[in-house]
Amino acid sequence: MSQLNLLVIGSGGREHALAWKLAASDRVARVYVAPGNAGTALEEKLENVDISPMDFDALVAFCRDNQVDFTVVGPEDPLVAGIVDRFTEEGLRCFGPTAAAAQLEGSKSFTKAFLERHGIPTAGFAVFDDIQKATAHVKTLTPPIVIKADGLAAGKGVVLADSTEEAIETLQQMLTGEVLAGAGSSIVIEDFLVGEEASFIVIADGENYLSFATSQDHKAAYDGDEGPNTGGMGAYSPAPVVSDEIHQNILEKVIEPALDGMRSEGNAYTGFLYAGLMIDPAGEPSVIEFNCRFGDPETQPVMSRLESDLATLIEAALDGRLSEMDIQFDAGSALTVVMASGGYPGAYEKGRKISGLDQVSGAKVFHAGTSLSGNDVLTSGGRVLGVTALGNSVTEAHRLAYEAVSEISFDAAEYRTDIGYRAIARENSES
Ligand code: AMP
Ligand code: GLY
């Protein structure tokens, strides 16, 4: 019997995919999405609610008035600002880390010190809030030099400087508040890591955890991983760089010590924990970053492969019963191509009409920056759609996703044509 009423907070492709997967459960009657997008507005069992993710008073009142059984938080900002603490005080169930635990994403200096304390592998680093000291340190390093703003910066707080001059200019801009305002008042300077990246995401209940299928996103705007960093232009699952042996290595060297460390320090971690990893040529993982939430666009391919009931898994995590659960994924691959507004990640126009959405077959289109105007779906953000296909291999999922992309159009649409290229090269070399 359908009985659960749920709320998903956020408006991106991640939230569309989470809400869609939650609604696929027979146990779920309705999933509200605050504020959602055109995709969540049109989806069966989903209903948009016009409340901002940071308006905790209105969200609490909505959950009371509508008998919401539990809330799932998509983006990091409300988590870092303490939405879980607030809901808990109000006697409401909200899935995610407390503000103290969300520091794993909210503060890079907290996280680097935490990793060091617990012997978890990560790039060597130094933290600065003084320009003279930071400049003197940079002059001792060989480029590329990695400079990160300490606080939340919506994916724009990391610069890989190719020269000492660029590094000095970057740290001056961050430390004087010329860019990123408060987020850059303290900076982290890191050693440069080489290898292949992978996203490793778990669901945790404070004590136990289950791993999601691995994934990999493409952060650079243009083909060949060139151009400026974005929130992510596409993703695929699994990430073939993570062999069974490396998988085990990641659990033992990163995930378990991180969850145990948080618990032993009084910040038991409940929620999705995302480890952004660099796997070096010897197969050893290093932590690039933690996120206190699911990845966007990694959610789209991972949820497409999830066969288990997401609502039941989250409910078990909220109850501290994850040890009783297991998690199953489709044995194939999934791949998401992000269609973005021309100009993104810089300035772009909104309000362009999207056509061809009803022509798509063989793929699922998750919406991100879209809005409804009468019967029309319009662009309303930088990342607009996440076109997602399942296949027997990354190569097949890639083909099906791009076939669907070719059906969809809007003015000045931009997308990468090479999502999954490393995984496809691996598949070609293996066959
Ligand atoms: P972050 O926001 O910390 O995930 O960094 C954004 C991107 O910068 C990562 O996905 C990596 O591609 C790159 N990056 C960050 N830190 C390092 C590092 N220490 N060495 C090499 N690349 C890095
Ligand atoms: N796709 C990277 C992230 O969600 O942070």
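Look a little higher up for the structure.
Residues numbered from 1 in each chain as written. Chains lettered and ligands numbered in written order. Predicted model: local features only at pLDDT ≥ 70, side-chain atom pairs only at ≥ 80, totals over all residues. Heavy atoms only, no water.

Caption draft 1: The arrangement of the site of ligand 1 in detail. In the neighbourhood of ligand 1, 15 residues make up the surrounding shell, with Glu 190, Asp 191, Leu 193, Glu 197 and Glu 289 lying closest. A distance of 2.7 Å is found between a nitrogen atom of ligand 1 and a side-chain nitrogen or oxygen belonging to Glu 190. Contact between ligand 1 and Glu 289: an oxygen atom at 2.9 Å from a side-chain N or O atom of the residue. Its free accessible area being 470 Å², ligand 1 has 91% of it covered by the protein chains. Residue assignment for the shell around ligand 1 shows that the elements contributing at least two residues are strand 7 (145-149), strand 8 (158-161) and strand 17 (285-291). Here the shell around ligand 1 is built from residues that sort into seven nonpolar, one polar and seven charged. (Near = heavy atom within 4 Å. Polar contact = N/O pair within 3.5 Å; in protein donor to acceptor, adjacent residues only side chain to side chain. Areas by Shrake-Rupley, 256 points an atom, 1.4 Å probe, with all protein chains shown as cover. Helix = DSSP H or I, 4+ residues; strand = E, 2+ residues; numbered from the N terminus. Nonpolar A, V, L, I, M, F, W, Y, C, P; charged D, E, K, R; others polar.)

Caption draft 2: A look at the site of ligand 2. Asp 217, Gly 231, Tyr 274, Asn 291, Arg 293, Gly 295, Asp 296, Pro 297 and Glu 298 make up every residue found near ligand 2. Within the contact set of ligand 2, a nitrogen atom lies 3.4 Å away from a backbone nitrogen or oxygen of Gly 231. The contact in question runs from an oxygen atom of ligand 2 to an N or O atom on the backbone of Asp 296, over 2.9 Å. Across the shell around ligand 2, the residue classes tally to two nonpolar, three polar and four charged.

Caption draft 3: A look at the pairing of strand 10 (residues 196-205). In terms of residue burial, strand 10 counts as a mostly covered element, since nine of its 10 residues are buried. Note that strand 10 and strand 16 (residues 270-279) share 10 bridges and pair antiparallel. Within strand 16, the position partnered with Ala 198 by the bridge is Leu 277. In this structure, the hairpin formed by strand 10 and strand 11 (residues 209-211) is closed by a connection of three residues, where Gly 206 is found at a positive phi of approximately 100 degrees. (Buried < 20%, exposed > 50% of the residue type's maximum accessible area, 1.4 Å probe, protein only. Pairing = 2+ DSSP bridges.)

Caption draft 4: Spotlight on the sheet that holds strand 2 (residues 28-35). One open sheet accounts for five strands, arranged 3-2-1-4-5; its pairing is parallel. Across the chains shown, the open sheet's two edge strands, defined by having one partner strand only, are strand 3 (46-48) and strand 5 (94-95). Here strand 1 (residues 4-10) pairs with strand 2 via seven bridges, running parallel. Bridge pairing links Asn 5 to Arg 30 in strand 2. With respect to the sheet, helix 3 (residues 56-65) is in contact with strand 1, strand 2 and strand 4 (70-73), its orientation differing from that of strand 1 by roughly 165 degrees. (Contact = heavy atoms within 4.5 Å. Axes fitted to C-alpha atoms, helices over the stretch in contact; angles between N-to-C directions.)

Caption draft 5: The arrangement of the sheet that holds strand 7 in detail. Within the open sheet, the four strands sit side by side as 6-9-7-8. Their pairing is antiparallel. What marks the edges here is a single partner per strand, and that holds for strand 6 (125-128) and strand 8. The sheet shows a mean angle of 20 degrees between the axes of neighbouring strands, direction not considered. Two elements, strand 7 and strand 9 (residues 187-190), share four bridges in a ladder whose sense is antiparallel. Residue pairing in the sheet places Val 146 in a bridge with Glu 190 of strand 9. Most of the contacts of helix 9 (residues 164-175) go to strand 7, to which it runs at about 10 degrees, and overall it touches strand 6, strand 7, strand 8 and strand 9.

Caption draft 6: Focus on unusual backbone geometry. With an omega dihedral of 0 degrees, the bond running from Pro 143 to Pro 144 counts as a cis peptide bond. By the secondary structure assignment, Pro 144 is in the loop between helix 8 (131-138) and strand 7. In this structure, the amide linkage connecting Tyr 344 to the following residue, Pro 345, adopts the cis form with an omega of 10 degrees. You can see Pro 345 is positioned in the loop between strand 18 (333-341) and strand 19 (364-367). Here Asp 225, not a glycine, exhibits a phi torsion of approximately 55 degrees, which is positive. As for its placement among the helices and strands, Asp 225 is situated in the loop between strand 13 (220-222) and strand 14 (226-229).

Caption draft 7: A look at the packing of aromatic side chains. Tallying each qualifying case throughout the model produces 10 aromatic pairs. On the basis of an interplanar angle of 85 degrees and a centroid distance of 4.9 Å, the ring pair of Tyr 32 and Phe 62 is categorised as edge-to-face. Separated by 30 residues along the polypeptide, Tyr 32 in strand 2 and Phe 62 in helix 3 bring together distant segments of the chain. Taking the relative accessible area as the measure of exposure, Tyr 32 reaches 9% and is therefore buried. Plain terms: the ring middles of Phe 272 and Phe 294 are 4.9 Å apart, the flat faces sit at 75 degrees to each other, and that makes the pair edge-to-face. Highlighted residues: Phe 272 in strand 16 and Phe 294 in the loop between strand 17 and helix 11 (299-305), separated in sequence by 22 residues. Judged by its relative accessible area of 1%, Phe 294 is buried. By way of ring pairs, the aromatic residues Phe 95, Phe 212, Phe 272, Phe 294 and Phe 329 are connected into one cluster. Over the face of the ring belonging to Trp 20 we find Lys 21, whose NZ or CZ atom lies 5.9 Å from the ring centre. We note Arg 293 situated over the ring of Tyr 274; from NZ or CZ to the ring centre the distance is 6.0 Å. (Phe/Tyr/Trp six-rings, centres within 6.5 Å; stacked < 30°, edge-to-face > 60°. Lys NZ or Arg CZ within 6 Å of the ring centre and 35° of its normal.)

Any link to function would need more than the numbers given here.
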